Amino acid sequence: MAQPRISAYLPPDIDPTKAPLAFGRRALPKLNEELQSPELLTQQRALMALCDLVHDPEKVYQAIALGFLDNLKTLLVHHDQIVRQKTTEVLSIMALHSIGRQGLIQSGVISALTGLLDDPVDICRKNTHQIIDMMAKLPEGAGGVLRANLIPPLVLKLKTELDEIQELILDTLSNCLRVEVSEALAAGAVTVLKEKLSHSSTVIRSKAAWVLLEISSHAEGKIAVCKEGVIPLLVSLLEDTQPEVQVNTTGALMFAAVTPQGRSSAMGAEAIPPLLKLVAEETSKARLNAIKTLTLLAELPEGRQTLLDHRDTFQRCLDDPSEAVQRAAQIAITVIEWKP
Amino acid sequence: PSTPEVKKQRKAQKKSLARKLTQEQIQPGTPEPVEGREHVYVQTELYLEEISDRVIEVDGECQTDEFLDRPPTPLFIPAKTGKDVDTQIEEGELFDFDIEVKPILEVLIGKTVEQALLEVMEEEELAQLWSHQRAFAELRNAEFAELQRLEEQDRRIREEKERRRLEHLEKLRKQKETAEKVAARAFAQRYLADLIPSVFNNLHASGFFYDPIERDIETDFLPWLMSEVEETLQKKVLGRMMLDSLIRMVVEKRLEEFSRPPPSDQTGAPAEEPTATDAAPQESEADAADQPDAEQEETDQPVAEE
C-alpha cells in the first residue's frame, strides 16, 4: 500500500523525539492541535518541536496570537514529568521575549505557576523560577507576582531550595520588593536573608545583600532591618573580598542608616573604618555607596568628629571620573563641616 | 442468527414436515394381503435382471512413455546492429572539486559564523544592557538614599522646631499662670484681711463662743440644783402632810376618847392607850419634830451650799 514513508530507515538528520513540522504557516496550528491530543507521545513530541520553534520571536508572536498559552496552562498540571518539564521550558523561553512576557501577564500564567513551586522534579522548578524571575523584571510582571501572593512561598523556598534556584529566587525577590515590602516582612524575609549573608557562595551573598537593600529602601523595611540586628552583619561583610558583595552591602547600609536607630547601630558596629577604606580605593565600585553611607553617618556628632580627620579622602574623591561620585563627595564634605 | 431468520427456518422445517406427512398420507399403497397370502415382489420383464445395489465395475489403465522435460527457451538476443562506442569520465574532468566546493563551503561556514557572531553580539548587548541597568540602579539608589537622608534631616529639623515652639508656648503659659497666681494671692490677702475680726464678732454675737464653766454650770449644775431643791421641798411638804395627818389622827382619836365616858378600869387601858398613843404621838411628834429638823437641816444644808 502506498505510504508517505518511502523506506523503513528514517532520514539521517531527523530527531525521532520531535513531531514533524508542517510547512510554513501551518506549523504552529498543527502543533496546537497535537498538544490537545489525548495521546501522551504526541503531546511530548509536539512540545519538543515547540521548544525549538520558540527561540524565534516571530513564532512567539504567532503562538500567542493562536492561543497557545491556554493549552500550555492546562499542560502545566499534567501528571507526566516530561510534559511539565518541556512546558515550563517553552514558557521560560517565551518569557525571554517582550511579547512573550506581555502575553504571559495577560493570560495569567503566573498564578498557574504557583502549583509548580513544589514540583518534585528539579528542572521543572528551575524553569518555573526562571519564568517568575523574568516576569518580575517588568513592573507589571512584578505587580502580577505580588498579586498572585507568590512572595510568602518564595521566602519559604529560599530556606530549602538548591543554590541555583536560590539565586533565581533572590533576583525575583529583589525586583518585587522594590515595589512593596509588607508581605515579605510578614513572612520573615529579613531573618532568612540574614542567614544567606553568611552563605559560602559569592553570588548568593551579593544577591542577598541586594535584596536587603531593596527592603531597607522602604520605611517599614528599615525598621525591620534595625530590629533584627542585620546591621552588624552587614558591617562585617564590608570586609569581604568580592566587589559585588561590597557594592550591595554598602548600598544596604546606606538605606538602613537613614533612620536614627540604623545610624546609631551602624556607629555602634564601627562601620566607619571599613567604609573609609572602600572610599579610598580608586577603582572600587562601592565608592558611591560608601560615600553616601558616610554622609549619613556624619550627621551624628560622633561621626562628624571622626570624619573631620579624614576630609582629605573625600577631597581625593572629587577627582573621580564619575559625576555622581563627585557630587556625593561634595555633599559629604558639606555635611561633615556643618556646625550647628 | 437473528430471530426472523430463525423463525423462517422453523417455518420451513414445519412446512417440509407437513409436506412429508401429507405426501405419505396421499401416496396410495397396495392393499394389505388376504389372510394366508403373502405379497411378493416379482419381475415381470422378459429378461430377468439381477438387482443389486452394487454396480459391476471393471478397472482399466493407461500410461504415457517416459520423456525428458522440455528445456527452457533460450534468451532471445537480436542480432547486433550498429557500431560499438563507449565513453568514460576520468577523475578531474567533470569538475574540480576544490574549486566548486569553495562557494558552497563559504556559504556554509559564513552562515554558521554569522549565526555565531549574531549570538555573541546578542549576548554582549544583553550584558551591556544589564550593566547599564545596574549602573542606573546604583545611581537611582544613591539618589534615593540622598533623598531619604534629606527627608530625614528635614523631618528632624521640623520636629526640633516644633518641640522648641511647644516649649516656648509652655513657658509663656507658665509665666502667665504664675503672674495670675501672684495677683490673685495679693487680692485675696487684702480681701480677707478684715474677714477674721468680723467673723469672730458674728460668731460671738450669735453665741458660738462661750465660757465652758459657765455653760457647764448652766447646763448641768443648775438643773440638778433645782431638782434637788424640788425634792427637798417635796420632802418637806410630805413631812408636813404626814404631820398634818398624824395630828388629825391624834385629834380624832382624842376626840373619840373624850367623847366616851371614861370607865375606871378603862383608865389604865386608856392610860396605857394614851401612853401608847402618847408614846406613839410622841414618837410621831418626835418623828415629826425630827423630820422638820431634818428638813430644816436639809434646807439649811442646801442653803449653806448655795
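Anything mentioned here points back to the structure above.
All values derive from a computational prediction rather than experimental measurement.

### Examining the overall build of chain A
And then number 1: When you go through chain A residue by residue, the secondary structure sums to 23 helices and 0 strands.
And then number 2: Relative to its full complement of 340 residues, chain A shows a buried share of 53%.
And then number 3: Contacts in chain A between residues far apart in sequence, at least 24 positions, make up 70% of those at least 6 positions apart.
And then number 4: Accessible surface, chain A: about 15600 Å² in total, of which carbon and sulfur atoms supply 56%.

### Re the overall build of chain B
And then number 1: Broken down by element type, chain B carries 5 helices and 0 strands.
And then number 2: Walking chain B from its N terminus toward its C terminus, one meets helices and strands in the order α-α-α-α-α.
And then number 3: Here chain B holds 306 residues, and the buried ones make up 6% of them.
And then number 4: Accessible area of chain B: about 29800 Å², with a carbon and sulfur share of 58%.

### A short note on a nonpolar patch on the surface
All names here are of chain B.
And then number 1: Nonpolar side chains collect at one region of the surface, where Phe187, Tyr191, Leu192, Leu195, Ile196, Val199, Phe200, Phe208 and Phe209 lie side by side and expose about 930 Å² of accessible area between them.
And then number 2: Those elements that provide at least two residues to the nonpolar patch are helix H2 (97-191) and helix H3 (195-205).
And then number 3: The biggest single contributor to the nonpolar patch is H3, with 4 residues.
And then number 4: By secondary structure assignment, the location of Leu192 is in the loop between H2 and H3.

### Details of a negative patch on the surface
And then number 1: Side chains of Glu119(B), Glu122(B), Glu123(B), Glu124(B) and Glu125(B) sit close together on the surface and give a patch of like negative charge.
And then number 2: When you line up the elements, Glu119(B) lands in helix H2.

### So, unusual backbone geometry
Residue and element names in this part refer to chain A.
And then number 1: Phi is positive for Asn149, which is not a glycine, with a value near 55°.
And then number 2: Inspection of the secondary structure puts Asn149 in the loop between helix H9 (139-147) and helix H10 (151-160).
And then number 3: Judged by its relative accessible area of 47%, Asn149 falls in the partly exposed class.
And then number 4: Of note, Glu270 is a non-glycine position whose phi angle comes to about 55°, a positive value.
And then number 5: Residue classification places Glu270 among the exposed residues on the basis of a relative accessible area of 56%.

### Comments concerning the packing of helix H13 (residues 189-196) of chain A against helix H14 (residues 202-216) of chain A
Residues and elements named next belong to chain A.
And then number 1: The interhelical angle for the contact between H13 and H14, taken along N-to-C directions, is 150°, at an axis separation of 9 Å. Here H14 runs roughly antiparallel to H13, going by the angle between their axes. Viewed along their axes, H13 and H14 form a crossing whose handedness is left-handed. Only Ile204, Arg205, Ala208, Val211, Leu212 and Ile215 of H14 make contact with H13, whose side of the interface consists of Ala189, Val190, Leu193 and Lys196.

### Examining the nonpolar core
And then number 1: Leu31(A), Leu50(A), Leu91(A), Leu212(A), Ile215(A) and Ile291(A) are the most contacted members of the largest nonpolar core, which totals 112 residues.
And then number 2: Residues in contact with Ile291(A), not counting those within four places in the same chain, are Val279(A), Phe314(A), Cys317(A), Val325(A), Ala328(A), Ala329(A) and Ala332(A).

### Here we look at the environment of Pro57(A)
Residues and elements named next belong to chain A.
And then number 1: Inspection of the secondary structure assignment puts Pro57 in helix H3 (residues 57-66).
And then number 2: On the basis of relative accessible area, Pro57 is assigned to the partly exposed category, the value being 41%.
And then number 3: Each C-alpha atom, one on Pro57 and one on Ile93, is 9.9 Å from the other, the two residues being 36 residues apart in sequence.

### A few points about the pattern of salt bridges
And then number 1: Applying the stated criterion across every chain, the model contains 31 salt bridges over all chains.
And then number 2: Between Glu299(A) and Arg149(B) there is a salt bridge, with the nearest N and O atoms lying 2.5 Å from each other. One end of the pair, Glu299(A), is in the loop between helix H20 (287-297) and helix H21 (301-308); the other, Arg149(B), is in helix H2, on a second chain.
And then number 3: One connected set of salt bridges, linked through shared partners, spans Arg263(A), Lys292(A), Glu299(A), Glu146(B), Arg149(B) and Arg156(B).

### Observations concerning the packing of H14(A) against helix H17 (residues 243-256) of chain A
All names here are of chain A.
And then number 1: Contact pair H14 / H17: the axes reach a minimum separation of 8 Å and the direction vectors enclose 20°. Put simply, H14 runs roughly parallel to H17. Crossing of H14 over H17 shows left-handed handedness. Along its contact with H14, which presents Thr202, Arg205, Ser206, Lys207, Ala209, Trp210, Leu212, Leu213 and Ser216, the element H17 presents Glu244, Val245, Asn248, Thr249, Gly251, Ala252, Phe255 and Ala256.
And then number 2: When grouped by side-chain class, the residues that make up the contact of H14 with H17 number 8 nonpolar, 6 polar and 3 charged.

What counts, and at which threshold
Residues numbered from 1 in each chain as written. Chains lettered and ligands numbered in written order. Predicted model: local features only at pLDDT ≥ 70, side-chain atom pairs only at ≥ 80, totals over all residues. Heavy atoms only, no water. Helix = DSSP H or I, 4+ residues; strand = E, 2+ residues; numbered from the N terminus. Buried < 20%, exposed > 50% of the residue type's maximum accessible area, 1.4 Å probe, protein only. Contact = heavy atoms within 4.5 Å. Areas by Shrake-Rupley, 256 points an atom, 1.4 Å probe, with all protein chains shown as cover. Patch = residues over 30% accessible without salt bridge, like charges linked within 9 Å, V, L, I, M, F, W, Y side chains within 5 Å. Salt bridge = Lys/Arg side-chain N within 4 Å of Asp/Glu carboxyl O. Lys, Arg positive; Asp, Glu negative; His and termini not counted. Charge placed at Lys NZ, Arg CZ, Asp CG, Glu CD. Axes fitted to C-alpha atoms, helices over the stretch in contact; angles between N-to-C directions. Parallel < 35°, antiparallel > 145°, perpendicular 65-115°, else oblique. Left-handed = near helix turned anticlockwise from the far one by under 90°. Core = buried A, V, L, I, M, F, W, Y, C linked by side-chain atoms within 4.5 Å. Nonpolar A, V, L, I, M, F, W, Y, C, P; charged D, E, K, R; others polar.

In short, geometric facts, not functional conclusions.
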